[in-house]
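Now for the letters of each chain:
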Amino acid sequence: MEIDIEFILDNMKKYLSIPSPGGYTKEAILEVKKDFEKFGLSTKITNKGALIGTLEGENDHRHVMITAHIDTLGAMVKEIKDNGRIRYHRVGGSSWGSIEGENCYIITRKGKKIRGSIIPKIASTHTYGAEKGNEARNEDNMFVRIDEIVENKDDVLKLGINVGDFICMETRTEITDSGFVKSRYLDNKLAVAIVMEIIRYFKENNLKPKYTTHFYISNYEEIGHGVSVIPERTEEIIAIDVGIVGEGQQSNEFSVSIVAKDRRSPYDFEFRNKLVEIAEKNNIRYEVDVYNFYSSDATHCVAQGRDINFACLGPGVDASHHYERTHILSIENTTNLLKSYMLSD
């Protein structure tokens, strides 16, 4: 199956350029909606702001669903300090030190973007010494330093910044000559770009999936309540999410990762085996893995009590929820497995 990797990467970069921390996803959702409709998909935005695009299949009596989430990690203004620094709450499950030194934007209620950076209270070793500079990072000593002339809280308020404003990190997206893809928030905007490539492939080759397929772009996955609507007649759900590359894991940056279990639940054994058999039949490089601190739209969905069969797969990503990296080979293997699944009985 010929994959347009440039199409995937171009869409990925476009989606990464649109800030969408959990709770602030409307602009990104509307961009994906526009892209769905370019290929003639019928679309629906749910009451909660997620997007469903539908691709008609050869069999319309049985439906399947593929999900990818547009929401990312981020932060929110919690308190404006007297010295003009901002204390923040995390949006999603990142570690405090993972964004230290990163440039960011504060997005005010009226849409103004104000530049800043994330630094610890004890940042300068010239001031505090190296020993104090090594203290643990937490909500009491990490702040946003605003790149405006502010000397106190009132100066910050005059900029239009208030408690509840979202804070978005720079992605620092880079694609190397050796095929590595590096960025914040590959989790999970890369998956949304893969969805677009699948749609392009079926439409431009005048193909229909075996079963009517709903593409669900969720907007609260990082918070733990992504999928809330299951279209009628939908029997299976596959969540595309990052595979976890790290110590003790089978996943790598070159294969598609098929999840056997996450922290919430084992995935359906027969469904997982079907994906493995499809991969082996089509010479798709894969790994099966078990994850420690991980859940997906699929297990969020069944935890709500939904009667639906469920699986999860995705590209292997190193340093998830940090400065993430994968390889083009993993993207290709993931895309090929999903295409093959959609053409299978």
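Heads up: these notes are all about the structure in this document. These numbers were taken from a predicted model, which means no experiment stands behind them. (Residues numbered from 1 in each chain as written. Predicted model: local features only at pLDDT ≥ 70, side-chain atom pairs only at ≥ 80, totals over all residues. Heavy atoms only, no water.)

Here the focus is the packing of helix H1 (residues 5-16) against helix H6 (residues 186-204). Describing two packed helices takes the angle between their axes plus the distance from one axis to the other. Where H1 meets H6, the axes come as close as 8 Å, and the angle between the chain directions of the two elements is 135°. With respect to each other, H1 and H6 are oriented oblique. The hand of the H1/H6 crossing is right-handed. Across the interface between the two elements, Phe7, Ile8, Asn11, Met12, Tyr15 and Leu16 from H1 touch Leu186, Lys189, Leu190, Val192, Ala193, Ile194, Met196, Glu197 and Arg200 from H6. (Axes fitted to C-alpha atoms, helices over the stretch in contact; angles between N-to-C directions. Helix = DSSP H or I, 4+ residues; strand = E, 2+ residues; numbered from the N terminus. Parallel < 35°, antiparallel > 145°, perpendicular 65-115°, else oblique. Left-handed = near helix turned anticlockwise from the far one by under 90°. Contact = heavy atoms within 4.5 Å.)

Bringing the pattern of salt bridges into the picture now. Scanning all chains against the criterion turns up 23 salt bridges. The residue Glu253 makes a salt bridge to Arg325 at a minimum N-O spacing of 2.7 Å. Placement of the pair is Glu253 in the loop between strand S14 (243-245) and strand S15 (256-261) and Arg325 in strand S18 (residues 324-327), with a sequence separation of 72 residues. (Salt bridge = Lys/Arg side-chain N within 4 Å of Asp/Glu carboxyl O.)

Before going further, it helps to spend a moment on the environment of Val32. Of note, Val32 is situated in helix H2 (residues 26-38). Using a relative accessible area of 0% as the deciding quantity, one classes Val32 as buried. Residues Val32 and Ser295 lie 263 residues apart in sequence; the distance between their C-alpha atoms is 23 Å. For Val32, the residues in contact, after removing those within four places along its chain, are Tyr15, Leu51, Ile70, Val192 and Ile217. (Buried < 20%, exposed > 50% of the residue type's maximum accessible area, 1.4 Å probe, protein only.)

Moving on to H1. Over its 12 residues, H1 extends 16 Å from the first C-alpha to the last, a length consistent with the 16 Å expected when each residue adds 1.5 Å. Among the residues of H1, those classed as buried are Ile5, Phe7, Ile8, Leu9, Asn11, Met12, Tyr15 and Leu16. Looking at the buried side of H1, the elements it contacts are H2, strand S10 (174-175), strand S11 (180-183), H6 and helix H9 (328-343). (Expected span 1.5 Å × (residues − 1).)

Taken together, the 6 strands give a closed barrel; going around it, the order is S4-S5-S8-S7-S6-S9, and neighbouring strands pair in antiparallel fashion. In this sheet, adjacent strand axes meet at a mean angle of 45° when their direction is disregarded. (Pairing = 2+ DSSP bridges.)

Quick look at the pairing of strand S2 (residues 51-55) now. Of all 5 residues making up S2, 4 are buried, and the element is well covered by its neighbours. Linkage of strand S1 (residues 42-45) to S2, two consecutive antiparallel strands, is achieved through a turn of 5 residues, within which Gly49 is found at a positive phi near 95°.

Two elements in contact, H2 and H6, have axes whose closest approach is 10 Å; the angle formed by their N-to-C orientations is 10°. By the angle between their directions, the pair H2 and H6 is classed as roughly parallel. On the side of H2, the interface is formed by Val32, Asp35 and Phe36, while H6 contributes Val192, Val195, Met196 and Ile199. Its residues assigned to classes, the contact of H2 with H6 shows 6 nonpolar, no polar and 1 charged. (Nonpolar A, V, L, I, M, F, W, Y, C, P; charged D, E, K, R; others polar.)

Let us look at the packing of aromatic side chains. One pass over the full model with this rule turns up 9 aromatic pairs. Ring centres of Phe36 and Phe215 lie 6.5 Å apart, and the angle between their planes is 55°; this geometry places the pair in the tilted category. A residue pair is termed long-range when its members are at least 10 positions apart, and Phe36 in helix H2 and Phe215 in strand S12 (residues 211-218) qualify at 179 residues. A residue is classified by how much of its surface remains accessible, and Phe215, at 0% relative accessible area, is buried. (Phe/Tyr/Trp six-rings, centres within 6.5 Å; stacked < 30°, edge-to-face > 60°.)

No statement about biological role is implied by the geometric values presented.
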